[in-house]
Structures are given as C-alpha cells and as structure tokens.
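# Chains, contacts and geometry: an overview
Each chain, written out:
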Amino acid sequence: EQNKTVVAISPDSGRTWIYKKLNLAGFQGMASPVDPDVQLLPDGTFRLYLTSDALDGQGPRTYYAEGKDGINFVKKGVAFAQPGRDVLDPSTLLIGSAWHIFAGGSTSTPGANWSGTSSDGTSFTFRGERIFKKDDVPQAMANGLAVRDGYRFYTFSHGPNAEINSFFTTDGLTWTVEPGKRLSLDTTTGLERSFVKDPAVVRLKDGGYLM
C-alpha cells in the first residue's frame, strides 16, 4: 500500500533487514500517519512522532504514539501544532533535560523550520521559526543524536543536488554548522539520481554509525 508507515528490523547491525507494517491504533478516520520519528524512552517504551491530520480544517500536525515492541503503537495525543498551518515531518531530540522538536511545513519564511521545546516530550511549546544555513543554503533539520561533548543534527538542502550536512550544539539553543559534507549525491551506482535527503543515523554497538 502506498504512503503506509513500516518498520525495518535488523538482527545484524544493518546488513540484513526484515520489514513489518506498523499497527497504529487510534488514527482511524484520520489522514494516514506518516513521517515517523522514533525515540526509545528509559523504561523501554518506544515513542513515535508522526504527521497526521484529523481532517478538522486545522491542517496536519505532529501526533505521538507509544508502544513496547516497536511494531504496535497507540495514539496518545497531539505533540506539536500550529493551528491552520501545515506542520510536517517532525524530528525530535532530548538535549539535556529539554525535548526539542523541528518540523517543516507552511512556515512564513521560506526554508525555515518550525521549532519547539517540551519538558516531557508529549506537548511542545512553539519557539519560533528557525533557519539553518550551510553555504547560504537553507537546511531542513532531519535527525539528531547525542555525540561526544554535545549533540548533532543531520540536515538536508532542498532542490536539485541536495546533500546531507550537520550542525552541532551543546545546549540546543546555539547551533554551529560543521565543515564538510556528511553525504553527497553519487550517481555512479544508479541508486541515486536527483538528490539525497531525509537522513537517519544510529550508533552501532561497535561505536560506528549507520546512516
């Protein structure tokens, strides 16, 4: 089925994958929940942030759902919204004691990201539109994780020849663009044709990273 959210599970650090359809309870009668962003909570709960629309005229927004096995989730509520404006593709990260969210959508400034913070990650307060630029090109915030001495968010640029870049912070307030590119378009294999975008990065048991 098109536009359905699935999960890929790897038993061998990303060499092989098994795909499963997610069971997302509570979204009946709504737009299909998409754009998943998952966080593993200290008690072992998987929290999933998703884009959906209640079809009430207020536009798509970020919902959150929780589950224990990474496959079956129950909708808990709205995590982030801008009434009457599109809020799309959420990305979250716990920085210190504060949760941060970035999202795309119908911002008033082209290339900006919606931003918000929360004390518990279930209800975010809007903190404004933020623009992140690399070489004067606006970047979409896509995926963040804790690294040595701080936190990194991976980003991508819109348009042709989009590439993956990254920004670093120690507090979630001040972000510094990191030099170089994390991933560039490579058309030689035939797998990439127009752009690379929407990165997700995890740390492996051996200390390496998988994008």
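In case you missed it, the structure is sitting above this.
Here is a short report on the structure shown in this document. (Residues numbered from 1 in each chain as written. Predicted model: local features only at pLDDT ≥ 70, side-chain atom pairs only at ≥ 80, totals over all residues. Heavy atoms only, no water.)

### Here's the deal with the nonpolar core
Formed by Leu41, Tyr49, Tyr64, Ala79, Phe80, Val87, Trp99, Ile101, Ala103, Trp114 and Phe124, the largest nonpolar core amounts to 11 residues. Taken together, the elements giving at least two residues each to this core come down to strand S7 (72–80) and strand S9 (98–105). For this core, the element with the most residues is S9, which contributes 3 residues. Counting 10 residues, the second-largest nonpolar core is a separate cluster that includes Val7, Phe27, Leu50 and Ala65. (Core = buried A, V, L, I, M, F, W, Y, C linked by side-chain atoms within 4.5 Å. Buried < 20%, exposed > 50% of the residue type's maximum accessible area, 1.4 Å probe, protein only. Helix = DSSP H or I, 4+ residues; strand = E, 2+ residues; numbered from the N terminus.)

### What to know about unusual backbone geometry
Look at Ser13: it is not a glycine, yet its phi comes out positive at around 60°. Following the sequence through the fold, Ser13 ends up in the loop between strand S1 (6–9) and strand S2 (18–21). Backbone geometry places Asp136, a non-glycine residue, at a positive phi of 70°. Following the sequence through the fold, Asp136 ends up in the loop between strand S12 (132–134) and strand S13 (137–147).

### Regarding the pairing of strand S5 (residues 46–52)
In terms of burial, S5 is largely enclosed, as 6 of its 7 residues are buried. The pairing of strand S4 (residues 34–40) with S5 spans 5 bridges and is antiparallel. Within the sheet, the bridge partner assigned to Val34 lies in S5 and is Thr51. Here S4 folds back onto S5, and the loop between the two strands holds 5 residues, one of which, Gly44, carries a positive phi near 90°. Relative to strand S6 (residues 61–67), S5 runs antiparallel, the two sharing 7 bridges. The partner of Leu48 across the bridge, within S6, is Ala65. (Pairing = 2+ DSSP bridges.)

### Overview of the packing of aromatic side chains
If you walk through the whole model with that rule in mind, you get 9 aromatic pairs. Both rings, one in Phe132 and one in Phe167, keep their centres 5.5 Å apart while their planes meet at 75°; by these two values the pair is edge-to-face. Of the two residues, Phe132 is situated in strand S12 and Phe167 in strand S15 (residues 164–169); the sequence distance between them amounts to 35 residues. When sorted by exposure, Phe132 lands in the same class as Phe167, which is buried. Three or more aromatic residues joined by ring pairs form one cluster here, namely Phe102, Phe132, Phe153, Phe167 and Trp175. Seen from the ring of Trp99, Arg47 lies directly overhead, with NZ or CZ sitting 5.8 Å from the centre. A cation sits over an aromatic face here: Lys75 above Phe27, 5.9 Å from the ring centre. (Phe/Tyr/Trp six-rings, centres within 6.5 Å; stacked < 30°, edge-to-face > 60°. Lys NZ or Arg CZ within 6 Å of the ring centre and 35° of its normal.)

### Focus: the sheet that holds S6
Ordered by their spatial adjacency, 5 strands build an open sheet running S3-S7-S6-S5-S4, and the pairing between neighbours is mixed. Taken across any chain shown, the strands that pair with only one partner, and hence form the sheet edges, are strand S3 (23–25) and S4. Neighbour-to-neighbour, the strand axes of this sheet turn through a mean angle of 35°, independent of strand direction. Relative to S7, S6 is paired through 5 bridges, and the arrangement is antiparallel. By the bridge assignment, Tyr63 is partnered in S7 with Val78. (Axes fitted to C-alpha atoms, helices over the stretch in contact; angles between N-to-C directions.)

Shape descriptors only; they carry no functional weight alone.
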